[in-house]
Number of protein chains: 2
Amino acid sequence: MSEPRGEWKLIEWIRSRTRLDPTAFPIGPGDDMALVGLGGESQCLLTIDALLEGTHFDLSKATPKQVGYKAMAVSLSDAAAMAAKPVCALAWAGLPENRDMAFAKDLSAGMADAAEKFACPIVGGDITSWNQPLVTVGTALVARPAGIIPIRRSGAKAGDLLFVTGELGGSVLGRHLAFTPRVTEARQLAALVTIHAMIDLSDGLSTDLGHIARESGVAAEIMADAIPVSEDAKRLAKEDGRTPLDHALNDGEDFELLLAVEPVDAQDLLKQNPLKSARLTHIGRVVEGGGVSLVAPDGSRAALEPGGYEHFK
Amino acid sequence: MSEPRGEWKLIEWIRSRTRLDPTAFPIGPGDDMALVGLGGESQCLLTIDALLEGTHFDLSKATPKQVGYKAMAVSLSDAAAMAAKPVCALAWAGLPENRDMAFAKDLSAGMADAAEKFACPIVGGDITSWNQPLVTVGTALVARPAGIIPIRRSGAKAGDLLFVTGELGGSVLGRHLAFTPRVTEARQLAALVTIHAMIDLSDGLSTDLGHIARESGVAAEIMADAIPVSEDAKRLAKEDGRTPLDHALNDGEDFELLLAVEPVDAQDLLKQNPLKSARLTHIGRVVEGGGVSLVAPDGSRAALEPGGYEHFK
């Protein structure tokens with residue numbers, strides 16, 4: 001019988017075999033970006049992402065320009081998760097042989113649009129093609145700390161309050177192709193308050209909060225009636241019989257920020273939201289222990305299992 | 001009628017639309033790596049590559065470990081082409097759902113093997129999967145100048161002599177999975193002599209020399225009887241009726257270095273090969289004009305068209 005599969009298991013296995021000199025590589029696998037020393041005081045942050053047709057987009061519902069935009073935006077969202085300043089990106093595409101030049105140019109133009117919006121130019125890349133009716137788009141993004149210490153997943157402490165930006169769930173209805181990576185909001189928040197841990201919501205709140213809890217060695221509890229449920233989540237719920245809350249907790253690809261804020265600072269955020277461009281919602285808190293709990297309006301609590309998508313499972 | 005396709009045309013189009021501040025981004029699209037400023041004196045070099053099943057490897061002939069090794073090695077070869085020092089890499093895999101955990105681990109182990117060999121650790125990455133019987137592996141590599149100015153494709157001057165490392169052609173028989181990226185050799189050569197231009201032979205000598213000639217605004221001529229033809233090229237020639245020289249000029253995936261050396265320094269290289277680990281062969285020279293010519297043993301000369309593989313054509 002072969003070994004059970006799973007993206008998280010595989011990443012754990014790779015991490016267990018990775019030996020990095022912590023001076024040269026202060027942040028390695030398992031965070032939103034890696035932090036790398038380049039000699040002297042110089043450091044940069046790095047991430048790589050790729051989109052697969054059929055998994056991350058559907059070309060009957062998305063234009064090549066939207067796919068290109070999303071390909072860049074998911075990497076920019078990783079930079080947001082670390083409160084880092086994007087510097088530049090590399091792009092790679094595996095083009096299906098049955099697509100034409102206009103398709104390839106639109107894809108490229110979509111990437112350039114996202115790059116321009118965040119002053120993060122595409123400085124290089126590669127183009128390949130194959131005999132498959134599928135397109136794959138990869139990006140690698142370089143960012144730098146620029147005055148803000150990169151915020152990890154692993155720093156949450158008991159007592160911290162948990163916040164999310166925006167509204168969650170149902171992004172498959174279109175938002176997953178056109179979201180705004182929260183680069184600006186992350187840096188605004190990090191300049192104002194002490195953020196102990198942060199992640200961007202790519203796998204779904206239940207899964208991504210689990211990442212923060214596990215990496216930080218703490219437990220998290222969130223209040224069901226505090227979760228900002230999107231209109232898209234409500235629309236989807238009407239169609240498929242799942243609840244809007246279920247969509248908000250588990251759909252993924254929201255690309256909003258989830259952050260654990262130092263308690264005193266959190267009180268300031270509760271009084272006034274400093275963000276003009278996004279709703280900021282207090283959804284719960286960090287406590288001693290492990291795992292994630294969902295607290296119902298009547299005060300009852302239940303374990304919240306990761307409900308997001310896991311690759312290679 | 002739709003526009004003619006082609007990897008080179010597409011890259012030209014992208015380059016024509018890319019506006020980079022040359023202070024922040026001294027080397028942009030169109031070279032083996034991009035050079036990026038990170039504030040102050042700090043710079044890094046970046047490349048991204050990916051391998052596609054069916055195009056860059058065949059899983060009936062290559063183990064997943066070999067594929068992983070090649071995925072890292074092609075990026076390391078880009079660093080060699082710039083005479084840069086590899087620092088770290090990111091890895092990404094799109095795993096087919098019909099593969100098991102052992103397959104994924106072998107792939108990862110192959111990447112780690114190549115990374116370890118060049119003290120270039122894999123510091124992060126991502127894993128995805130899809131319902132396709134195909135695997136895609138991407139890497140992004142970071143390198144830094146470390147005492148040697150990055151060597152571009154565009155600096156060749158009339159009078160330079162052209163050299164290649166190793167032997168060319170027929171790498172499809174196995175060498176394309178197990179080659180040694182010429183990182184050490186490139187830095188040895190660059191420390192000894194003035195190299196005006198360099199590239200790694202991924203697309204084939206005829207195509208890659210064309211890249212150097214075009215980017216440098218010069219012509220190149222190579223001597224047919226000087227090209228170091230590999231035993232593999234000879235074996236393939238027996239099977240397919242093409243000449244061994246044709247294979248050496250056009251097969252690609254040799255991942256050897258092609259360099260244009262300042263004339264006085266080149267005389268030193270002609271007298272003694274400073275490389276212990278690879279043959280170094282004088283194959284021709286750079287002259288005024290444009291294009292690449294092949295000079296036959298009888299002195300007759302013919303234009304050498306790019307015969308390498310062009311994607312998306």
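This is a predicted model, so every value here is computed, not measured.

**Q** Describe in detail the overall build of chain A, supporting the description with residues and values.
**A** In terms of helices and strands, chain A carries 9 helices and 12 strands. The C-alpha atoms of chain A give 19 Å as radius of gyration, which agrees with the globular expectation for 313 residues (20 Å, within 12%). Each principal axis of the C-alpha distribution contributes one length, and for chain A these read about 55 × 55 × 55 Å. Taking all 313 residues of chain A together, the buried fraction comes to 57%.

**Q** Which residues make up the confidence of the model for chain A, and what values go with them?
**A** Taken residue by residue, chain A gives an average pLDDT of 94. The fraction at 70 or more is 99%. Reported for the predicted complex are a pTM of 0.96 and an ipTM of 0.94.

**Q** So what's going on with the interface of chain B and chain A? Which residues, and what values?
**A** Taken together, the contact between chain B and chain A spans 61 residues of the former and 61 residues of the latter. Those elements that provide at least two residues to the side of chain B that touches chain A are α1 (7-17), β1 (34-37), β2 (43-52), β3 (85-96), α3 (101-117), β4 (122-130) and β5 (136-144) of chain B. The residue makeup of the side of chain B that touches chain A, split by class, is 34 nonpolar, 18 polar and 9 charged.

**Q** So what about the sheet that holds β1 of chain B? Which residues, and what values?
**A** Residues and elements named next belong to chain B. Across the sheet, which stays open at both edges, the 5 strands sit in the order β1-β2-β5-β3-β4 with mixed pairing between neighbours. The two strands at the open ends of the sheet, each matched to only one other strand, are β1 and β4. Neighbour to neighbour, the strand axes of the sheet diverge by 20° on average, direction disregarded.

**Q** Which residues make up the packing of helix α1 (residues 7-17) of chain A against α3 of chain B, and what are the values?
**A** To characterise two packed helices, one gives the angle between the axes of the helices and the distance between these axes. Running from N to C, α1 of chain A and α3 of chain B point in directions that differ by 35°, and their axes come no closer than 11 Å. Taken as a pair, α1 of chain A and α3 of chain B cross one another with a handedness that is right-handed. Facing α1 of chain A, whose interface residues are Leu10, Trp13, Ile14 and Arg17 of chain A, α3 of chain B presents Met101, Ala104, Lys105, Ser108 and Ala112 of chain B. Split by residue class, the contact of α1 of chain A with α3 of chain B holds 6 nonpolar, 1 polar and 2 charged.

**Q** Give me the lowdown on unusual backbone geometry, citing residues and values where you can.
**A** All names here are of chain B. Despite not being glycine, Ala83 has its phi angle at roughly 60°, a positive value. Relative to the helices and strands, Ala83 resides in the loop between α2 (64-81) and β3. Here the phi dihedral of Ala119 falls at roughly 45°; this positive angle occurs in a residue that is not glycine. Looking at the secondary structure, you find Ala119 in the loop between α3 and β4.

**Q** Before we move on, could you go through the domain arrangement of chain A and cite the residues and values that matter?
**A** For chain A, the assigned domains are domain 1 (7-144) and domain 2 (161-303). For domain 1 of chain A and domain 2 of chain A, the distance between their C-alpha centroids amounts to 23 Å.

**Q** Explain the sheet that holds strand β12 (residues 301-303) of chain B to me, and be specific about the residues and the numbers.
**A** Strand pairing in a sheet takes place through backbone hydrogen bonds and is either antiparallel or parallel in direction. Residues and elements named next belong to chain B. Pairing within the open sheet is mixed, and its 7 strands lie in the order β7-β9-β6-β10-β8-β11-β12. The open sheet is flanked by β7 (195-200) and β12, the only strands paired with a single partner. Geometrically, the sheet is characterised by an average inter-axis angle of 25° between neighbouring strands, direction not taken into account. Bridge analysis of strand β8 (residues 219-223) against strand β10 (residues 280-287) gives 4 bridges, and the strand direction is antiparallel. Paired with Ile222 across the bridge in β10 is Gly284.

**Q** Kindly report on the relation of the copies chain B and chain A, identifying the contributing residues and their values.
**A** A rotation about some axis, followed by a shift along it, carries one copy of the chain onto the other. Of the two same-sequence chains, chain B is brought onto chain A (RMSD 0.0 Å, axial shift 0.0 Å) by a rotation of 180°. Given the turn and translation reported, the copies of this chain are related as if by a two-fold rotation axis.

**Q** How would you explain helix α2 (residues 64-81) of chain A if you had to name every residue and give the values?
**A** Residue and element names in this part refer to chain A. Helix length check: α2, at 18 residues, gives a terminal C-alpha distance of 26 Å against a target of 26 Å (1.5 Å per residue), a fit within 8%. In terms of burial, α2 is a largely internal element, 17 of the 18 residues being buried. Where α2 ends, the next residue or the one after it, Ala83, has phi of about 55°, a positive value.

**Q** Just give me the short version of the pairing of strand β3 (residues 85-96) of chain A, but keep the residues and values in it.
**A** All names here are of chain A. Summarising burial for β3: 11 of the 12 residues are buried, a large majority. When β3 meets strand β5 (residues 136-144), the two strands line up antiparallel, connected through 9 bridges. Residue Leu90 lies in a different strand from β5, and its bridge partner there is Ala140. As judged from the 8 bridges shared by β3 and strand β4 (residues 122-130), these two strands associate in the parallel manner. Within β4, the position partnered with Leu90 by the bridge is Gly124. Running through helix α3 (residues 101-117), the crossover from β3 to the neighbouring parallel element β4 is right-handed.

**Q** Quick one: what's the story with the packing of α2 of chain B against α3 of chain B, residue by residue and with numbers?
**A** All names here are of chain B. Two elements in contact, α2 and α3, have axes separated by 6 Å at closest approach and are oriented at 35°. In this structure, α2 crosses over α3, and the sense of that crossing is right-handed. For the pair α2 and α3, contact is made by Pro64, Lys65, Gln66, Val67, Gly68, Tyr69, Ala71, Met72, Ala73 and Leu76 and by Phe103, Asp106, Leu107, Ser108, Ala109, Gly110, Met111, Asp113, Ala114 and Ala115, respectively. Residue composition of the contact of α2 with α3, by class: 13 nonpolar, 4 polar and 3 charged.

Conventions and cut-offs
- Residues numbered from 1 in each chain as written.
- Chains lettered and ligands numbered in written order.
- Predicted model: local features only at pLDDT ≥ 70, side-chain atom pairs only at ≥ 80, totals over all residues.
- Helix = DSSP H or I, 4+ residues; strand = E, 2+ residues; numbered from the N terminus.
- Rg over C-alpha atoms; globule rule 2.2 N^0.38 Å.
- Buried ≥ 20, exposed ≤ 12 C-beta atoms within 10 Å, placed from the backbone.
- pLDDT = per-residue confidence, 0-100.
- Contact = placed C-beta atoms within 7 Å.
- Nonpolar A, V, L, I, M, F, W, Y, C, P; charged D, E, K, R; others polar.
- Pairing = 2+ DSSP bridges.
- Axes fitted to C-alpha atoms, helices over the stretch in contact; angles between N-to-C directions.
- Left-handed = near helix turned anticlockwise from the far one by under 90°.
- Domains from an automatic or database assignment.
- Least-squares fit on C-alpha atoms with pLDDT ≥ 70 in both.
- Expected span 1.5 Å × (residues − 1).
- Right-handed = clockwise from strand over helix to strand, strands pointing away.

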